[in-house]
Every structure is written in C-alpha cells, then in structure tokens.
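# Overview (structure and organization)
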Amino acid sequence: MKKTLCIVISLVMLFLTAVPAFANGGALTLSSSGGTDYSIVVSANASEVEKTATNELKKYLDKITSASFKIIDDTAPAREKEIVVGDTNRRDYSTLCPEGADDDAVRILTDNGKLYLTGGKARGALYAVYTFLEDWLGCRWFTHDLTVVPETTELTVPAIDYYYEPCFKLRQTYWMFSTMYSDFCAVHKLHGIMAYLPEEYGGGRYELAVSSVHTMQQFVPKSLFETHPEYFGSDENGNRNPNLQPCLRNNDVFNLALQYALDYFSQNNAILSISQNDGADFCRCEKCRQFISQHGNTDSAAMLDFVNRVAVEVKKVYPEARMETLAYQRTQTPPEGLKVEDNVVIRLCPISTCTLHALDDPSCPPNKKFSGDLSGWSDLTDKLYIWDYSTDFQYYYALYPNITTLQGRYQYYRDNNVVSIFDHGCGEVTVPAEFHELRTYLVLKLLWDPDTDIEKHISEFCSAYYGEAGDDIIEFIENFEKSDAGFNIRTFKNCHNGCQDGGISLLNNSSLSSSDVKKLDSIIEKAKSRELTDEQSRAVEGVELSWRFFKNATFTGEFNWFSPFTDPEAATAELVKDMRDYGIVLLAENWSLYFKDEEPDGRMMPTFWYRDEGDLPPDILRDMQFRVFVHGLLKALFSPLQFILNLF
C-alpha cells in the first residue's frame, strides 16, 4: 500500500465498534507503553499463506503500537503470551476448526492468555489476521493507496470466540481500480480477477475460467463458415449465418467442443466455460427447434444439453474437472425436463434486471422474471453462480443509482443458494470518478458478508475518501437515489433502470425537476467549499463531473434546451474539456463511446456526440431539431428580458 493515513482511535471506541463474541479467557493486553510481552508463533512448516499472515500481523501490530512483535516458529518452547497464526503444534487444529471447514473460514479465539488466528487450510489464517485487524483493531483499507491504521500505546482486546464461513465460496470482481492490486484483493478476501493473486496470498486461479466466457467462437471460429456452413446456426428458412450461435445439434460441433475441453484440461486445473457467443441469436434449424420445443421452448435447453454431453465425456478422462455455462439473455430461463450434470456449473447473468427495485419486487417486470428464473435454476443445481453487473455499460461516468440497493441484492442471492458471485464493473476504465471506488469497496464487503453494516461502511469510506465533504457526498447519494431526484420514486412503476440504460433509456428514466437539480447542485457546491486535501478535492470533482455528465445525458440543469437562460452547447464543450483534463478517455463499453479529437456535437446526448446528422436515426434527428428550434425560439422571446436582467 502506497500511503498510510494514520489516525488515533481510542481503545474504548475500538471496542465499542467491534463485534466480538465473548468466551472464557478474559481480555488480553497485547501491548502496553509501546512494548509487548507477546510473540507471534507460526509453524516451522508454515504454508506461504501462513507466512504472509504472520508477516502482515507483525507489520500492522508494530504500526499500531510502536512495539516490536517477534516472530518465532513452533519449535521454540511454548510461552504464556503468544499470538498463534495458522496450524501449529500449540493446539490441535481440530479443536479450533470443525472438520471440513471451508478453505476461507476464519477462526479467532482467545484462550488462557493466547490469541489464535487461524481458519480454513487455504486462506483461513490470512483472512483471520485481516479480520482481526479490521474488526477488532480498527484498520481500514479503503483503496489501494488509502489505508487507515489506528495508533495506541495501550492495546487490549476482549475475549473472542469467533468463527465465520463466507456464504459465497468464490468472490471475484472486474473493476480496474484498487482491485488491480494483489495486496488490496487479499485484505478484502477477494479471489482476484484484475489481480491474479500470487501464492503468498492464496493463489488467483480459484475456480477461475482461464478461457473466460463467450467461448463458442474459440472452437467454432467464423473462418470455418466457408468450408463448413453446417456448423453454424440457421434461421427458420434454413439460411446459415456465421453471426449466429453454432448449431448445437450438429455432431461435428459437439466433437469440436469436446476436443477443445480435453485440450484445455490437459493444460489447466481450472474450471472451463463453454458458453454462448455474446449477442448472437440461436440456431433455428429443424433439429434445434424440435429439441427446445420439447424442453420449455427456451434456448437454454439446447445450450445445457450440449454442455452436459461434453461434461459427461470429459469426466471419463478428467474426473475432477468442472465446466461452466452461462444462463444469459436468451438462455436466462431454465429448461424443462433436463438436469444439470454434477460437474457442470450454471452462471446466471442478471443483465436484464432493474437497479431501482428489489430483485423479488413483484411490481417490477424484469426483476419478477429474473426471480422466477433464479428459482428455477436453483431447483436444478446447488452450484449456482452469478455474473452480476454494477455499472452502466453505456455511460461509465454517469451516476448509477445502486449504492443504496446493493445490499438487498446480495442478501437475495445468499438467500437463494447462490455460491459464487463475479461482479462486473467498468473494467475497461482506469480513471475512477462517479462512485467507482466507493462501489468497489461496498461490493467487496458484501461479497464477504451480505449482512455487513453497509451504512457504517459508506460513512467510514466517505469520511476518509472525501474528507470534510464526506457527509455532503452521503447527502448527495441519498437525495439522488432515495428521493424525488434522479430516479423518481413516483414513476418507479415505469422506470426500470439497468446496466445497459445509457442513451435514450436513461433519458426516459430520469425524472429530475428544476428544484431537484438545484438541490443536488447546491450539495455539490457545499462539498467543494470544504477544506480538502488535493486528493479529496479530486475525489469530489469526480462526483461533480459524473453529475454533470448525467445532467448532459438527460438534458437537465445547464443542459436544458427548454430554458431560455441556458447554453447547452457551451456547457457541453466545457464538460468535455473538464472530463478530458481529469484524465477520462473512455465513456462506454467496448470503446463504443470515447473522446475523439474533434469536438462533440453539443446538440446531442452523449451517445450521438460523434455521429454525423446523416447517420442519426430519424426519431433522434427529429428530437434534436425540435429541441434546437424551441431553444432558439425561447432565446429570441426572452432576449429583451435577459438584456434587462444583465443591466442589474
């Protein structure tokens, strides 16, 4: 971690905010007057992870207390005062962790003057150390370069008897910010995706598909179409097309997939994804249509059957190998009359769900549909994975209203037997603004514990990241997401904002009034007026830029074309300059929107900033021409009044 922000937190406050379970053994004084009688004990045969856990514990205890904690191995004679890390000869491991404990389970125990920090065999000791440092000693890792470490010369911890197994067995993200750093991933118990974790942090291939997803193009590439058009999907008239999914009832396609899988497992000890290509329709040949009609009339029938058949053959050669496929878009709905093979994992993708409503809200059509599909898949498998989405892929830097709804989403997954979550953020973007770092932090907390105190985490993060403006930022979030501002609760029945709701959808979903805009503007101005460090000022500026970008995308505030007192084109030019100066380049997924050398067309919403008028959809062109006409008319009508106002 690059920077350490040290703050003095009294022990009384530390113990009030910790959440220990009490047991026999009493409190332990780990340090007094800047010195310590305690040694840190680790096995002479410690794993790489246990060694890391021991070194991390010493590093932070030394920082907190100014004492120097010695590390000894368990071949040394036992002493009365010891902090025991991992599996050692100091105590039978079976008395600390139950048989079959999860690899990431955390066990913290005080007993007879000793503190035990251990857990699951893979990463438990390391996670126990980080849990102890965070929950009992007050350490915080907000971003990769913003760490809070309390300081005290008198360190006493209460009696502790704590055991925890995470409900989500695989925890991954795709955010190109703090999770690019292995040490940050480790302290938040993340299995890694942007940072492939080295062995000292537990390794980074924990059930991670090396081949990624949307893999059918890898074993049936479009280059085969000329010689084997029958490998590719057809429409109902029998016309084959290389842009369709492969024909899943074709035996040669099956053999290609099987060989692909066998080759993969000969080189990789990791889960393999055989999953549909992104955005392509499925085959509608007679064989495919007949099969799906027999199994619920959903494309997931053909996809699941195909993967099942490959998995059965793979198991004969690689009994421990596991395969994954997506329940995504046209395959979201589970089939009827099929099972999921025991070496197949289903990864359900809620790409069509709504951010504004709970996933089980019956008044929200997309969420109601998804909820039913999740339930159906849960009936078919106990290994249900989720590929979640927590950003707006069409407008990475527009405010995305999910901060206050994240926890309910994760609790719903937990309550419906989801065992793995991959959170897909704006992984192409390297400059955080909006609430990117805050959202990443909250996602990591919820991946580990969906019942965590999310309000506390929001408050602590905002205080550290935005400084004196922290409370202002919280006020802004609450007003934008929870009141009549931004996404209007009075129109929620018609508004179903999702991860692809940039452009026209965002415009239609927003219900900002002039008073809403003024209130949110005033909160931002209040935040900017605080005494802030350069880093905090930049963080507040990132929120302001994303707020202005949102207003631009929804034609509100200074971008309102139906006001005679605005100049939307000039405001757009200023916004673009400020965003570029901030370092922002990419605005949407797959580089579909980014800043170009030429100036954007300030008459348009960002989706169409760089489109020629002749290439615009007719309705978009008409809307633009109407806005410009009305604005010009209003300016002409009110120009005398504006002249008079300018005199004063």
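This structure is a prediction, so every number in the text was calculated from the model and none was measured. Along every chain, residues carry numbers that run from 1 in the direction the sequence is written. Totals for whole chains, interfaces and linings use all residues, but because this is a predicted model, local features are given only for residues with pLDDT of at least 70 and pairs of side-chain atoms are given and counted only at 80 or more. To obtain the side-chain values, all non-hydrogen atoms of the structure were used and water was disregarded.

## Things to note about a negative patch on the surface
A contiguous patch of negative charge on the surface is contributed by D597, E598, E599, D612 and D615. Strands are runs of DSSP state E lasting at least two residues, helices are runs of H or I lasting at least four, and both sets are numbered from the N terminus onward. Relative to the elements of secondary structure, E599 occurs in the loop between α17 (568–582) and α18 (618–647). Type-normalised accessible area, obtained with a 1.4 Å probe on protein chains alone, sets the label of each residue: buried when under 20%, exposed when over 50%, and partly exposed for intermediate values. On the basis of relative accessibility, which here comes to 54%, the residue E599 falls in the exposed class. Note that patches include only residues with greater than 30% relative accessible area and no salt bridge, and the join distances are 9 Å for like charges and 5 Å for nonpolar side chains (Val, Leu, Ile, Met, Phe, Trp, Tyr). The accessible surface values rely on the Shrake-Rupley method and a 1.4 Å probe; as for residues, cover is taken only from the protein chains in view. The working definition used for a salt bridge is a side-chain nitrogen of Lys or Arg within 4 Å of a carboxyl oxygen of Asp or Glu. Neither His nor the chain termini are counted; the positive set is Lys and Arg, and the negative set is Asp and Glu. Charged groups are reduced to one reference atom each: NZ for lysine, CZ for arginine, CG for aspartic acid, CD for glutamic acid.

## Re the sheet that holds strand β14 (residues 323–327)
Between any two strands, at least two bridges found by DSSP are needed for them to pair. Spatial ordering of the open sheet is given by β12-β17-β16-β15-β14-β13, a layout of six strands whose pairing is parallel. At either end of the open sheet lies a strand with only one pairing partner, and these are β12 (170–174) and β13 (272–273). In this sheet, β14 lies alongside β13 in parallel orientation, the contact comprising two bridges. If you follow L272 over to β14, its bridge partner there is M323.

## Thoughts on the pattern of salt bridges
Across all of its chains, the model carries 40 salt bridges by this definition. K58 is paired through a salt bridge with D62; the nearest N and O atoms lie 2.7 Å apart. Of the two residues, K58 and D62 are both situated in helix α2 (residues 48–65); the distance of four residues between them amounts to about one turn of the helix. Among the ionic pairs, E341 bridges to K339, the shortest N-O distance being 3.8 Å.

## As for the pairing of strand β4 (residues 70–73)
Alignment of strand β3 (residues 39–42) against β4, held across four bridges, turns out to be parallel. Within the sheet, the bridge partner assigned to I40 lies in β4 and is I71. Note on handedness: a crossover is taken as right-handed if, strands pointing away from the viewer, the path from the first strand over the helix to the second is clockwise. Handedness of the β3-α2-β4 crossover: right-handed.

## Quick word on the sheet that holds strand β7 (residues 114–119)
Pairing between the strands of a sheet is mediated by backbone hydrogen bonds and can be parallel or antiparallel. Taken in spatial order, the six strands make up an open sheet running β4-β3-β5-β7-β6-β11, and their pairing is mixed. The open sheet terminates on both sides in strands that have one partner only, identified here as β4 and β11 (161–164). In this sheet, adjacent strand axes meet at a mean angle of 20° when their direction is disregarded. Axis definition: a line fitted to C-alpha atoms, over the contacting stretch in the case of helices. Angles run 0 to 180 degrees between N-to-C directions.

## Quick notes on the nonpolar core
In these notes, a set of buried Ala, Val, Leu, Ile, Met, Phe, Trp, Tyr and Cys residues joined through side-chain atoms within 4.5 Å is what counts as a nonpolar core. Among the nonpolar cores identified, the biggest contains 133 residues, and F132, I274, F306 and Y466 are the most heavily contacted of them. Ranked by size, the runner-up nonpolar core spans 47 residues in total, among them V429, L545, W561 and L616.

## Quick notes on the packing of aromatic side chains
Only the six-membered ring of Trp is used, alongside the rings of Phe and Tyr, when aromatic pairs are assigned; centres must lie within 6.5 Å, and planes under 30 degrees apart are stacked while those over 60 apart are edge-to-face, with the rest tilted. Scanning the model with the defined rule gives 32 aromatic pairs in all. Among the aromatic residues, those joined into a cluster by ring pairs are F142, Y441, F461, Y465 and Y466. Looking at R91, its charged tip hangs above the ring of Y116, at a distance of 5.4 Å from the centre. A positively charged side chain is recorded as over a ring if its NZ (Lys) or CZ (Arg) lies within 6 Å of the ring centre. The angle to the ring normal must also be within 35 degrees.

## Points about the confidence of the model for the protein chain
The pLDDT value expresses, per residue, how confident the predictor is, ranging between 0 and 100. In the predicted model, the protein chain carries a mean pLDDT of 90, and 90% of its residues have values of at least 70. Note on contacts: a residue pair is in contact if any heavy atoms of the two residues lie within 4.5 Å. With pLDDT under 50 throughout, residues 1–25 is counted as low confidence; its partners more than four residues away or in other chains account for 63 contacts. Note on residues 483–493: pLDDT is under 50 here. Beyond four places in sequence and across chains, it has 29 contacts.

## Focus on unusual backbone geometry
Backbone geometry at S66 places phi at a positive 65°, although glycine is not the residue there. Here S66 is to be found in the loop between α2 and β4. Taking relative accessible area as the criterion, S66 reaches 58% and is therefore assigned exposed. A positive phi angle, near 55°, is found at N297, a position not held by glycine. Inspection of the secondary structure puts N297 in the loop between α7 (286–293) and α8 (300–317).

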